[in-house]
Structures are given as structure tokens and as C-alpha cells.
Amino acid sequence: LTKLTSLLSLAGVQLPAAVKLTDGYLDLAGDIRIADEITAKMRIGGHDMAASLHNSRVSGASFKLDAGYDRGLWVKGPLSIQALELAGDIDVKDIRAELNVGNTEQFEFKDLYAEVFDGQLEVASLRYADREIADTTARLSHINLEKLLAYADIDGLQGSGFLDITLPVGSDQTGLHVKNGIFASTGGGRLAYTKEGLAGSNIGLQALENFQFEDLSGTLNYQSDGTYLMGIRLEGNNPDLYAGRPVAFNLNINGSLPALFEAMFMTGSFEESVLKQIRSQQ
């Protein structure tokens, strides 16, 4: 694969400079005609492939694709990736999809499946064309809240339980957006937010020091300019507070997080927005 970039350049196909092909091999079979123009029909197999893009890495990639070249490249067929290490230490495993490339500026993944945060990601169609991602819906099921919060790395916040998340996503020239996303716990769990001297006399923050939730749900809207609005509903109790009296939180959080997706919806400014609202709800 280290030689593939120069080979593709002969057909006028240029890989982005940030893409580094580091391991694996290809087998090719087909017919290629070189005359006034290059035309080709091929069967391409990829085996044990590895690549990197900036700080993200792919390993164990394989595919069996039908491809051709006639004033442009087209490719279609199944592919799989054993492991994808995204920048920010997110591990995605067992990725599978049907690839359909119309040209180097347009491609689609159909029936996309992957495993992340102990759960599953499914997208019926993820299409990129004209430098935008077409509107689609990403469904995440059985997401491990403990691992999600560990990745978010908000000082003093821990939790357990599992979430189902539905995100209608797309993009424009500015960036990604989410419209009317929803999330809900699949059962009970725990949230614990503890910082020395933080709770004081605030009942809400005291409750969150050991909150046993029966239900966690909410909504998410995120604009491509970085503004967001999140509604969160928490129902449960703290067994150490008022003999476990039931407590319900309704939080409506908004602000601006230009790097929202890179931070998996949580950053320090998000934390401060939550704290401000809890303090105001004595």
C-alpha cells in the first residue's frame, strides 16, 4: 500500500496528503485500456490494511470491491474494519458497510454498523457530496454511560448505566448539525458529581453526589455554528439525602461549543453551564 499513492496518480486520482497508507496489500484483476483516455473495469481486494489520518488510525481493513475508471473513478462493494482509533482515544470496532463511490468528491456508506462505548452504531445511509453530509439518522444503542463519561473527562463526574441515542445529523458549509436528537436510559443507573466544597447548602448538588436514577432522558439540538440546546430529565433519589426522597431534575442547557463533536458533546464550558442551572434551582 505504501506504493499505492503514486500508482493512483497515474490515473489522475490524488489522495489527501494527510492520508498515510502504512500496511496491507491489494490484489487486482480486470481489463485496462490505455488510448486517448484510460478506461478500466476491475475487481479489487484489500487485505490486512492499515492507514492513518492525522491522529486517527485504521487497522485490519479489508474489502472486495467492483471498480472502474472512465473519466472518473467508481467503486462499490462491502468493506470492514477491525479497529478504528479516533483522535481523542475513542475506539471503534467491527465496522461494516457497503461502499459506493461515484467519484472522488462523492461517496456513500450504506448499512453502516460499528461498535463503540460497548454499544452499537447503525446508520442506514451516510452520503457525502458537494462537500456536505446529506441528512441522515445515527442510532446508538446500549451505550455505556460509564465509558462515555470517562471519555468526556469532566472532573468529579462519574456514572453507570446504558443509553439509547438517536441523532438526526447532517452538515452544511459551516459544519455538522443535529436536529431534534433524543436520548434515554434503558434502565436505572447512577450519577455522582463530587468536588470538595462545591455542593455547600445547594440541595441539587447534594443530590448529585450520589444520585441513583430510575430514568435519564433528554433532547439535543446542535447548530453548525456551534450553538446548542440540550434538555435533560433526571428522576431518582440520593439514598444519603432525606432518607432517599424522590428527586427530579429538569435542565435546559444552551451555549456555544464550536468543537462539540470532537468533545463528544461535553467540555469544560458544558460543565459550567450545567452547574449554573443547578445552582439556580434550589
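Please read these numbers as outputs of a predicted model, since none were measured by experiment.

### Here we look at the overall build of the protein
Item 1. Tallying secondary structure elements over the protein gives 4 helices and 16 strands in all.
Item 2. The proportion of buried residues among the 282 residues of the protein is 40%.
Item 3. Within the protein, counting contacts between residues at least 6 apart in sequence, those at least 24 apart form 46% of the total.
Item 4. Accessible area for the protein stands at about 16100 Å²; split by element, carbon and sulfur atoms hold 51% of it.

### What to know about the layout of surface pockets
Item 1. For the second largest pocket, the calculated volume is near 190 Å³.
Item 2. Secondary-structure elements contributing two or more residues to the lining of the second largest pocket are β5 (90-103) and β6 (106-116).
Item 3. Of all the elements, β5 adds the most residues to the lining of the second largest pocket, at 3 residues.
Item 4. The residue inventory of the lining of the second largest pocket, partitioned by class, reads 3 nonpolar, 1 polar and 6 charged.

### Brief notes about the packing of aromatic side chains
Item 1. Scanning all chains against the criterion turns up 3 aromatic pairs.
Item 2. With a centroid separation of 5.6 Å and an interplanar angle of 70°, the aromatic rings of phenylalanine 107 and phenylalanine 109 are classed as edge-to-face.
Item 3. Residue classification places phenylalanine 107 among the partly exposed residues on the basis of a relative accessible area of 29%.
Item 4. Summarising the aromatic geometry, the rings of phenylalanine 211 and phenylalanine 249 are spaced 5.6 Å apart at their centres and angled 70° between planes, so their arrangement reads as edge-to-face. Here phenylalanine 211 is found in strand β14 (residues 211-222), whereas its partner phenylalanine 249 is found in strand β16 (residues 246-256), with 38 residues between them in sequence.
Item 5. Exposure remark for phenylalanine 211: the relative accessible area of 0% places this residue in the buried category.

### Considerations on the pairing of strand β15 (residues 227-237)
Item 1. Sheet topology places β14 next to β15; 10 bridges connect them, and they run antiparallel. Within the sheet, the bridge partner assigned to threonine 219 lies in β15 and is glycine 231.
Item 2. Inspection of the sheet shows β15 paired to β16 by 11 bridges, in the antiparallel sense. Bridge pairing in β16 links glutamate 235 to alanine 248.

### Focus: the nonpolar core
Item 1. Core analysis: the biggest nonpolar cluster contains 57 residues, and Val116, Leu167, Leu216 and Leu234 have the highest contact counts within it.
Item 2. Element by element, the count of residues in this core is highest for β5, at 6 residues.

### Remarks on the pattern of salt bridges
Item 1. Inspection of the entire model under this criterion finds 4 salt bridges.
Item 2. Put simply, aspartate 66 and arginine 43 hold a salt bridge, and the shortest N to O gap is 2.9 Å. Here aspartate 66 is found in strand β3 (residues 56-70), whereas its partner arginine 43 is found in strand β2 (residues 38-53), with 23 residues between them in sequence.
Item 3. On the basis of relative accessibility, which here comes to 32%, the residue aspartate 66 falls in the partly exposed class.
Item 4. Note that arginine 96 is salt-bridged to aspartate 94, the shortest N-O span being 2.7 Å.
Item 5. Residue arginine 96 is classed as partly exposed on the basis of its relative accessible area of 39%.
Item 6. Accessibility expressed as a relative area gives 29% for aspartate 94, which makes it partly exposed.

### Some details on the side chain of serine 171
Item 1. Within the secondary structure layout, serine 171 lies in strand β11 (residues 162-171).
Item 2. In terms of polar contacts, serine 171 uses its side chain to reach the backbone amide nitrogen of isoleucine 133, at 2.7 Å.
Item 3. Apart from residues no more than four positions distant in its own chain, serine 171 is found in contact with Glu132, Ile133, Leu176 and His177.

### A closer look at the confidence of the model for the protein
Item 1. Put simply, the protein has an average pLDDT of 85, and 85% of its residues get 70 or more.
Item 2. Ranking the elements of the protein by mean pLDDT puts helix α4 (residues 268-280) last, at 57, and strand β9 (residues 136-144) first, at 97.
Item 3. Confidence drops under a pLDDT of 50 for residues 260-269, and excluding neighbours within four residues, the segment shows 20 contacts in the predicted structure.

### Describing the environment of alanine 184
Item 1. Tracing the backbone through its elements, the reader meets alanine 184 in strand β12 (residues 176-185).
Item 2. The class for alanine 184 is partly exposed, based on a relative accessible area of 29%.
Item 3. Ignoring sequence-local partners within four residues, the contact set of alanine 184 consists of Phe162, Leu163, Asp164, Leu216 and Ser217.

Parameters and conventions
Residues numbered from 1 in each chain as written. Predicted model: local features only at pLDDT ≥ 70, side-chain atom pairs only at ≥ 80, totals over all residues. Heavy atoms only, no water. Helix = DSSP H or I, 4+ residues; strand = E, 2+ residues; numbered from the N terminus. Buried < 20%, exposed > 50% of the residue type's maximum accessible area, 1.4 Å probe, protein only. Contact = heavy atoms within 4.5 Å. Areas by Shrake-Rupley, 256 points an atom, 1.4 Å probe, with all protein chains shown as cover. 1 Å grid on protein atoms, 1.4 Å probe; cavity = no way out; pocket = protein on both sides within 12 Å on 5 of 7 lines; lining within 4 Å. Points joined across faces, edges and corners; volume = space filled by probe spheres on them. Nonpolar A, V, L, I, M, F, W, Y, C, P; charged D, E, K, R; others polar. Phe/Tyr/Trp six-rings, centres within 6.5 Å; stacked < 30°, edge-to-face > 60°. Pairing = 2+ DSSP bridges. Core = buried A, V, L, I, M, F, W, Y, C linked by side-chain atoms within 4.5 Å. Salt bridge = Lys/Arg side-chain N within 4 Å of Asp/Glu carboxyl O. Polar contact = N/O pair within 3.5 Å; in protein donor to acceptor, adjacent residues only side chain to side chain. pLDDT = per-residue confidence, 0-100.

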